[in-house]
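For reference, the chains in residue letters:
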Amino acid sequence: MATRPRRIGILGGTFNPVHIAHLRGALEVAEFMELDELRLIPSARPPHRDTPQASAEQRLEMVRLAVEGETRLTVDDRELRRDKPSFTIDTLESVRAELGKDDQVFLILGWDAFCGLPGWHRWQELLEHSHILVLQRPDADSEAPEALRDVIAARNVIDPLTLAGPGGQISFIWQTPLAVSATQVRQLLGEGRSVRYLVPDAVLTYIQTHGLYRAQTDS
Ligand code: ATP
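Rules used throughout
Residues numbered from 1 in each chain as written. Predicted model: local features only at pLDDT ≥ 70, side-chain atom pairs only at ≥ 80, totals over all residues. Heavy atoms only, no water. Helix = DSSP H or I, 4+ residues; strand = E, 2+ residues; numbered from the N terminus. Rg over C-alpha atoms; globule rule 2.2 N^0.38 Å. Contact = heavy atoms within 4.5 Å. Areas by Shrake-Rupley, 256 points an atom, 1.4 Å probe, with all protein chains shown as cover. Lys, Arg positive; Asp, Glu negative; His and termini not counted. Charge placed at Lys NZ, Arg CZ, Asp CG, Glu CD. Near = heavy atom within 4 Å. Polar contact = N/O pair within 3.5 Å; in protein donor to acceptor, adjacent residues only side chain to side chain. 1 Å grid on protein atoms, 1.4 Å probe; cavity = no way out; pocket = protein on both sides within 12 Å on 5 of 7 lines; lining within 4 Å. Sits in = over half its atoms within 2 Å of the grid points. Points joined across faces, edges and corners; volume = space filled by probe spheres on them. Nonpolar A, V, L, I, M, F, W, Y, C, P; charged D, E, K, R; others polar. Pairing = 2+ DSSP bridges. Axes fitted to C-alpha atoms, helices over the stretch in contact; angles between N-to-C directions. Phe/Tyr/Trp six-rings, centres within 6.5 Å; stacked < 30°, edge-to-face > 60°. Salt bridge = Lys/Arg side-chain N within 4 Å of Asp/Glu carboxyl O. Buried < 20%, exposed > 50% of the residue type's maximum accessible area, 1.4 Å probe, protein only.

### So, the overall build of the protein
The helix and strand tally for the protein stands at nine helices and six strands. A compact globule built from 219 residues should have a C-alpha radius of gyration of about 17 Å, and the protein, at 18 Å, falls within 12% of that. The dimensions of the protein, computed from C-alpha atoms along their principal axes, are 60 × 45 × 35 Å. Relative to all contacts within the protein whose residues are 6 or more apart in sequence, the contacts with residues 24 or more apart total 75%. On the protein, roughly 11,400 Å² of surface is accessible, and the fraction owed to carbon and sulfur atoms is 50%. The positive charge centre, built from 24 side chains, and the negative charge centre, built from 31, are 2 Å apart in the protein.

See the structure below:
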């Protein structure tokens with residue numbers, strides 16, 4: 001009996017820490033796109049070295065706590081299980097290898113991440129393995145870089161619900177605009193201020209219990 005192709009969303013990030021814009025965006029995409037599953041994939045290498053850090057295990061644990069009880073959102077720790085940092089293309093290839101050839105993969109990128117694509121390792125191959133869904137981000141610049149113009153012109157599909165086949169197309173998707181960033185969350189915590197309602201309560205409790213992102217004191 002023929003089964004319908006699966007629809008899998010992927011949202012990678014440092015999640016340092018995970019916050020409501022990640023989660024609300026992910027849930028809205030999962031619902032709107034009727035995904036079978038949307039996987040949050042924490043990356044092994046946090047790019048920020050200038051602020052107090054959470055370990056990879058702590059970032060992963062916060063994502064796990066954040067999605068608990070929400071069956072559409074899952075956590076995939078494959079990038080943390082590798083012994084070296086993964087490029088997104090490696091992750092997509094590895095996810096693809098576990099799926100059927102007709103299954104659809106949707107790589108979800110915030111606008112800022114999308115604009116940074118031309119700097120990513122083998123970025124042009126990403127569309128061989130997945131579609132790309134771009135989330136607008138209210139706190140980001142609005143112009144796409146020159147290097148992306150041709151690919152947008154060639155691959156853009158206006159209605160994300162009409163993205164066809166396993167991959168290869170780009171669509172821009174609306175979600176409730178939330179100008180929250182992990183940088184803001186870390187800054188507030190570093191200043192000893194509250195991040196309540198910017199992160200789920202379970203994540204807040206974890207941050208407090210483990211004393212994460214507090215300003216370093218030389219005592
Ligand atoms: P930081 O402030 O530390 O750079 P961040 O808040 O951008 O972190 P990431 O973990 O780097 O969070 O983001 C993971 C993905 O989620 C990226 O594709 C990013 O563009 C997207 N994203 C993060 N915040 C938002 C937001 N407020 N609206 C839409 N997309 C977002």
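### Some words on the site of the ligand
The environment of the ligand is formed by 23 residues, the closest being His 19, Asp 112, Leu 178, Ala 182 and Thr 183. In this structure, Gly 110 approaches the ligand through a main-chain N or O atom, which is 2.9 Å from an oxygen atom. Between the ligand and Leu 178, the relevant distance is 2.7 Å, taken from a nitrogen atom to a main-chain nitrogen or oxygen of the residue. Protein contact buries 90% of the 600 Å² of open area that the ligand shows by itself. The cavity that encloses the ligand is the largest pocket. Only β1 (7-13), α1 (20-32), β4 (104-110), α5 (111-115) and α8 (182-190) provide two or more residues apiece to the shell around the ligand.

### Details of the layout of surface pockets
Volume-wise, the largest pocket comes out at about 1,100 Å³. By residue class, the composition of the lining of the largest pocket is 22 nonpolar, 19 polar and six charged.

### What to know about the sheet that holds β4
The sheet built from six strands is open, its strands ordered β3-β2-β1-β4-β5-β6 with parallel pairing. Looking at strand neighbours, the two that pair on one side only are β3 (73-75) and β6 (170-173), the edges of this open sheet. Between one strand axis and the next, the sheet turns by 30 degrees as a mean value, whatever way the strands run. Where β4 and strand β5 (residues 131-135) come together, five bridges link them in parallel fashion.

### A look at the packing of aromatic side chains
Applying the stated criterion to the full structure yields three aromatic pairs. Where Trp 111 meets Phe 114, the ring centres are 5.8 Å apart and the plane angle is 40 degrees; that geometry is what we call tilted. Separated by three residues within a single helix, Trp 111 and Phe 114 lie in helix α5, roughly one turn from each other. Between Phe 114 and Phe 172, the aromatic rings sit 5.7 Å apart at their centres with planes inclined by 90 degrees, giving edge-to-face as the arrangement. On the criterion of sequence distance, the pair formed by Phe 114 in helix α5 and Phe 172 in strand β6 is long-range, its members being 58 residues apart.

### Re the pattern of salt bridges
The tally for this structure, following the rule as stated, stands at 18 salt bridges. We note a salt bridge from Arg 78 to Asp 76, for which the minimum N-O separation is 2.9 Å. Neither residue differs from the other here; Arg 78 and Asp 76 are each classed as buried. Here Arg 122 and Glu 93 are joined by a salt bridge, their closest N and O atoms 2.7 Å apart. Here Glu 93 lies in helix α4 (residues 88-96) and Arg 122 lies in the loop between α5 and α6 (126-129), a separation of 29 residues in the sequence.

### Comments concerning empty space enclosed by the protein
Counted under the stated rule, the structure contains one cavity of 30 Å³ or more. Of the voids in this model, the largest cavity is the one considered here, and its volume is about 40 Å³. Lining of the largest cavity is provided by Phe 114, Leu 117, Trp 123, Gln 124, Leu 127, Ile 132, Leu 148, Val 151 and Ile 170. Its residues assigned to classes, the lining of the largest cavity shows eight nonpolar, one polar and no charged.

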